[in-house]
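# Examination of the molecular architecture
Here are the chains, one letter per residue:
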Amino acid sequence: MSELNQPLGGNSMPRFGGPATMMRLPTQESAAGLDAAFIGIPMDIGTSNRPGTRLGPRQIRDESRMLRPYNMATRAAPFDSLQVADIGDVPINTFHLPKSVDIITAFYDEVLAHNCVPLTLGGEHTLTLPVLRAIAKKHGPVGLIHIDAHADVNDHMFGEPIAHGTPFRRAQEEGLLAHGKVVQIGLRGTGYAAEDFDWCRDQGFRVVPAEECWYRSLAPLMKEVREQMGDTPVYISFDIDALDPSLAPGTGTVEMGGLTSPQALEIVRGAAGLTIVGADLVEVSPPYDTSGNTALIGATLLYEMLCVLPGVKRRG
Ligand code: MN
Ligand code: MN
């Protein structure tokens, strides 16, 4: 067990000191030998409104400094059985979105070649498309748990097929998603047409609008999601704007009436037992995150995602 990486403890170096890696884990240049890797994608060039998510990975890493190794609610002990490291950032071309998309896919092809599960620190939501392209190449079409205020199924944005509002339209068209195994949770706000979310329903996606989540536990929903997914490989894509902006204001496309932080935990913890092959946390924009709490919530949700990966043991 001692050969497994451990987060640097708060009693050997102050938590505000030392290299700002995710959870103060060691870094390495490739995914060789890893069961799971934290990877940053410092990108905001697919954003339609407020920018700033290019700074997301660094801020999430910084705000992850207080995360301790054990999950007190679920007793998950990810560092007891998984080899985990922070392998840094994808070197996107910040002047060219289509090239960046291909750079991301190539990077994830390499990560997946090591049988390593990628946990991605975004960056805006465009990045999920190139990640899913790599994931589907390895695993075939995947189930998707997509938590977001927005469906992100626009056909085009400003005439462009690839942007942060289109990734799941493209993923569906390209056959990256398993039929009948897509769930979108937290959708709300205003649309271009009243039928915008019906495109999702017509594809067989399960749409759970925010209004259906208000005032209730999402544990029963996740029980149904687990039954729906079965043993299909599943990808989790969590847009931080799914949360209510009173909790997570540091993001680009704010919508009121969002999820609570306990509901966010119920969703991620409710994915335990699924065959999770990758996950991301996107759309944290530090310039709009004056307290740092949006990045802190994002970091915590990434830790919770690590805690539900296959092979994680629970103590006690
Ligand atoms: Mn999104
Ligand atoms: Mn969104």
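Keep in mind that this is a model prediction, so the values were computed, not measured.

### What about the packing of aromatic side chains?
Counted by the stated rule, this structure contains 3 aromatic pairs. With a centroid separation of 5.9 Å and 50° between ring planes, the pair formed by phenylalanine 107 and tyrosine 108 is classed as tilted. Side by side, phenylalanine 107 and tyrosine 108 carry an identical accessibility label, which is buried. Where tryptophan 214 meets tyrosine 215, the ring centres are 6.1 Å apart and the plane angle is 65°; that geometry is what we call edge-to-face.

### Things to note about the packing of helix 1 (residues 56-63) against helix 10 (residues 293-307)
Packed helix pairs are specified by the crossing angle of their axes together with the interaxial distance, meaning the distance between the axes. At their nearest, the axes of helix 1 and helix 10 sit 8 Å apart, and the two run at 75° to each other. As judged from the angle between their axes, helix 1 and helix 10 are roughly perpendicular. The residues of helix 10 that touch helix 1, namely those facing Gln59, Ile60 and Glu63, are Ala295, Leu296, Ala299 and Leu302. Across the contact of helix 1 with helix 10, the residue classes break down as 5 nonpolar, 1 polar and 1 charged.

### Some words on the nonpolar core
In terms of nonpolar packing, the biggest core is built from 54 residues, with Phe38, Ile60, Ile145, Ile185, Phe238, Leu306 and Leu309 touching the most fellow members. Broken down by element, the residue count for this core peaks at 9 residues, all from helix 10. With near-sequence residues (within four places) excluded, phenylalanine 238 lies in contact with Ile147, Ala264, Val268, Asp280, Leu281, Val282, Leu301 and Met305. Listed in part, the 42 residues of the second largest apolar core include Val111, Val131, Ala134 and Leu187.

### Comments concerning the UniProt feature "binding site: Mn(2+)" (unreviewed entry) in the chain
The UniProt record annotates "binding site: Mn(2+)" (unreviewed entry) at His125, Asp148, His150, Asp152, Asp239 and Asp241. For the residues just named, distributed over 117 residues, the greatest C-alpha separation is only 12.1 Å, placing them together at one site. Restricting the annotated residues just mentioned to those that line the largest pocket leaves His125, His150, Asp152, Asp239 and Asp241. Positionally, histidine 150 belongs in the loop between strand 4 (142-147) and helix 5 (167-173). Judged by its relative accessible area of 17%, histidine 150 falls in the buried class. Apart from residues no more than four positions distant in its own chain, histidine 150 is found in contact with Leu187, Asp241, Thr253 and Glu255. A polar side-chain atom of histidine 150 sits 3.1 Å from a polar atom in the side chain of aspartate 241. Position of aspartate 239 among the secondary structure elements: in strand 7 (residues 233-239). Setting aside its immediate chain neighbours within four residues, aspartate 239 contacts His125, Ile147, Asp148, Asp152, Val282 and Glu283.

Quick notes on the rules
- Residues numbered from 1 in each chain as written.
- Chains lettered and ligands numbered in written order.
- Predicted model: local features only at pLDDT ≥ 70, side-chain atom pairs only at ≥ 80, totals over all residues.
- Heavy atoms only, no water.
- Phe/Tyr/Trp six-rings, centres within 6.5 Å; stacked < 30°, edge-to-face > 60°.
- Buried < 20%, exposed > 50% of the residue type's maximum accessible area, 1.4 Å probe, protein only.
- Axes fitted to C-alpha atoms, helices over the stretch in contact; angles between N-to-C directions.
- Helix = DSSP H or I, 4+ residues; strand = E, 2+ residues; numbered from the N terminus.
- Parallel < 35°, antiparallel > 145°, perpendicular 65-115°, else oblique.
- Contact = heavy atoms within 4.5 Å.
- Nonpolar A, V, L, I, M, F, W, Y, C, P; charged D, E, K, R; others polar.
- Core = buried A, V, L, I, M, F, W, Y, C linked by side-chain atoms within 4.5 Å.
- UniProt positions renumbered as here; feature names shortened; annotations may be inferred.
- 1 Å grid on protein atoms, 1.4 Å probe; cavity = no way out; pocket = protein on both sides within 12 Å on 5 of 7 lines; lining within 4 Å.
- Polar contact = N/O pair within 3.5 Å; in protein donor to acceptor, adjacent residues only side chain to side chain.

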